[in-house]
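# Close look at the chain arrangement
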Amino acid sequence: MFKLVGINSLVTGGSRGIGLEISKELAKLGSNVCIVSRNGEINEKAVKELPIVCEGQKHFGMVYDLSQGIHELEPTIQKLKEMHSVKAFNIYVHSAGIIQSKLLLQTTSSDIQSIMNTNTISAMSISKSLLKDMVKERYGRIVLVSSVLAATGFPGESVYSASKSALIGFSKSLAQEMNRYNITCNLISPGYVDTDMIKHLKNSKLSNISKAEDVAKSILPLLDRDSAYNGKTVKIQGDSIVY
Ligand SMILES: NC(=O)c1ccc[n+]([C@@H]2O[C@H](COP(=O)([O-])OP(=O)(O)OC[C@H]3O[C@@H](n4cnc5c(N)ncnc54)[C@H](OP(=O)(O)O)[C@@H]3O)[C@@H](O)[C@H]2O)c1
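Here's a quick rundown of the structure. (Residues numbered from 1 in each chain as written. Predicted model: local features only at pLDDT ≥ 70, side-chain atom pairs only at ≥ 80, totals over all residues. Heavy atoms only, no water.)

Okay, the overall build of the chain next. When its secondary structure is counted, the chain shows eight helices and eight strands. Computed over its C-alpha atoms, the radius of gyration of the chain comes to 17 Å, within 12% of the 18 Å expected for a compact globule of 243 residues. In terms of its C-alpha atoms, the chain occupies a principal-axis envelope of roughly 50 × 40 × 35 Å. Expressed as a percentage of the 243 residues in the chain, the buried residues total 52%. In the chain, once contacts between residues fewer than 6 apart in sequence are set aside, the share between residues at least 24 apart is 71%. A total accessible area of about 11700 Å² is found for the chain, and carbon and sulfur atoms account for 53% of it. Here the chain carries 28 positive and 22 negative side-chain charges, and the mean point of each set is 3 Å from the other. (Helix = DSSP H or I, 4+ residues; strand = E, 2+ residues; numbered from the N terminus. Rg over C-alpha atoms; globule rule 2.2 N^0.38 Å. Buried < 20%, exposed > 50% of the residue type's maximum accessible area, 1.4 Å probe, protein only. Contact = heavy atoms within 4.5 Å. Areas by Shrake-Rupley, 256 points an atom, 1.4 Å probe, with all protein chains shown as cover. Lys, Arg positive; Asp, Glu negative; His and termini not counted. Charge placed at Lys NZ, Arg CZ, Asp CG, Glu CD.)

Next up on the list: helix H6 (residues 158-178). With 21 residues, H6 extends 30 Å between its outermost C-alpha atoms, agreeing within 8% with the 30 Å of an ideal straight helix rising 1.5 Å per residue. Among all positions in H6, only Val159, Tyr160, Ser161, Ser163, Lys164, Leu167, Phe170, Ser171, Leu174, Ala175 and Met178 are buried. Turning to H6, the residues buried within the fold contact helix H4 (109-137), strand E5 (140-145), helix H5 (149-152) and strand E6 (183-190). (Expected span 1.5 Å × (residues − 1).)

Moving on, we get to the pattern of salt bridges. Pairing of side chains with opposite charge becomes possible as their charged atoms draw close. Inspection of every chain in the model, using the stated rule, returns 13 salt bridges. A salt bridge links Asp196 to Arg16; the shortest N-O distance between them is 2.8 Å. Placement of the pair is Asp196 in the loop between E6 and helix H7 (212-218) and Arg16 in the loop between strand E1 (8-12) and helix H1 (17-28), with a sequence separation of 180 residues. For Asp196, a relative accessible area of 37% corresponds to the partly exposed category. Its relative accessible area of 39% is what places Arg16 among the partly exposed residues. With a closest N to O distance of 3.1 Å, Lys28 and Glu25 form a salt bridge. You can see Lys28 and its partner Glu25 sitting in helix H1, three residues apart, about one turn around the helix. On the basis of relative accessible area, Lys28 is assigned to the partly exposed category, the value being 43%. Classification of Glu25 by relative accessible area gives buried; the value is 9%. Each of Glu21, Lys24, Lys45 and Glu49 takes part in one network of salt bridges that share partners. (Salt bridge = Lys/Arg side-chain N within 4 Å of Asp/Glu carboxyl O.)

Of all six residues in E5, six are buried, a share of seventy percent or more. Residues Gly140, Ile142 and Leu144 line one face of E5 and the alternating positions Arg141, Val143 and Val145 line the opposite face, and both faces are buried. Handedness of the crossover joining strand E4 (residues 91-94) and E5 through H4 is recorded here as right-handed. Sheet topology places E5 next to E6; six bridges connect them, and they run parallel. Within the sheet, the bridge partner assigned to Val145 lies in E6 and is Ile188. (Right-handed = clockwise from strand over helix to strand, strands pointing away. Pairing = 2+ DSSP bridges.)

What follows is the structure, given as structure tokens:
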């Protein structure tokens, strides 16, 4: 297995669920991991859970509410880099996400804004902020967490599905723009994953549920310096992972 010693990773939504498992996988490979999420206490706990496998490895958190818009994002990331002496984040995983679970007729404009800001617009803005350093270093790996609902839709998930399908066009275009700098951008598209996000469905008969740990492992081939994956969507349903 390749190593990520000395490589800095930023994982939004890294405090719980899929993002936490991804953060653990990155840490196991030696990466310094920064977890971005809203709840400070849970963020701190998640940072402490990450393994330290090599000398000098360190993990840290950034408490930020991505639903509030992107105006303060770039300066906040800049301050974070200065505070922790980070030259570049070479790996960026956008796992932060909120679900809708409401018919469009019951959805407020503030719901729409929060979902789009958290799931989509912040992913574009953070990618843009981190790209400058990735270009200088000629190495960047961006992975965005989409959903099968991006393609299929589902009643009560119109805005959520739109927020996730926007990531498809974004990642495919960015993949082509940045290929010459050894920067790749790929998506993962899970079905149901056993996390807090689907707790409200506990009384429904769901099949083909993936484990967050397996979803996390599925992104590893996308992160290798020699990885040929770019502009791809990894489809994950239950135990099935298709690249
Ligand atoms: N679980 C599924 O069945 C499933 C299926 C397909 C796709 N996905 C996608 O996978 C990703 C991860 O989902 P999950 O199941 O791991 O969800 P989860 O367990 O609910 O975790 C969501 C993570 O996002 C963070 N987050 C939410 N809103 C945020 C905000 N406004 N600002 C900053 N951080 C925020 C949460 O931390 P705080 O709450 O502390 O902010 C948490 O760390 C999401 O993008 C989701 O859409 C999930």
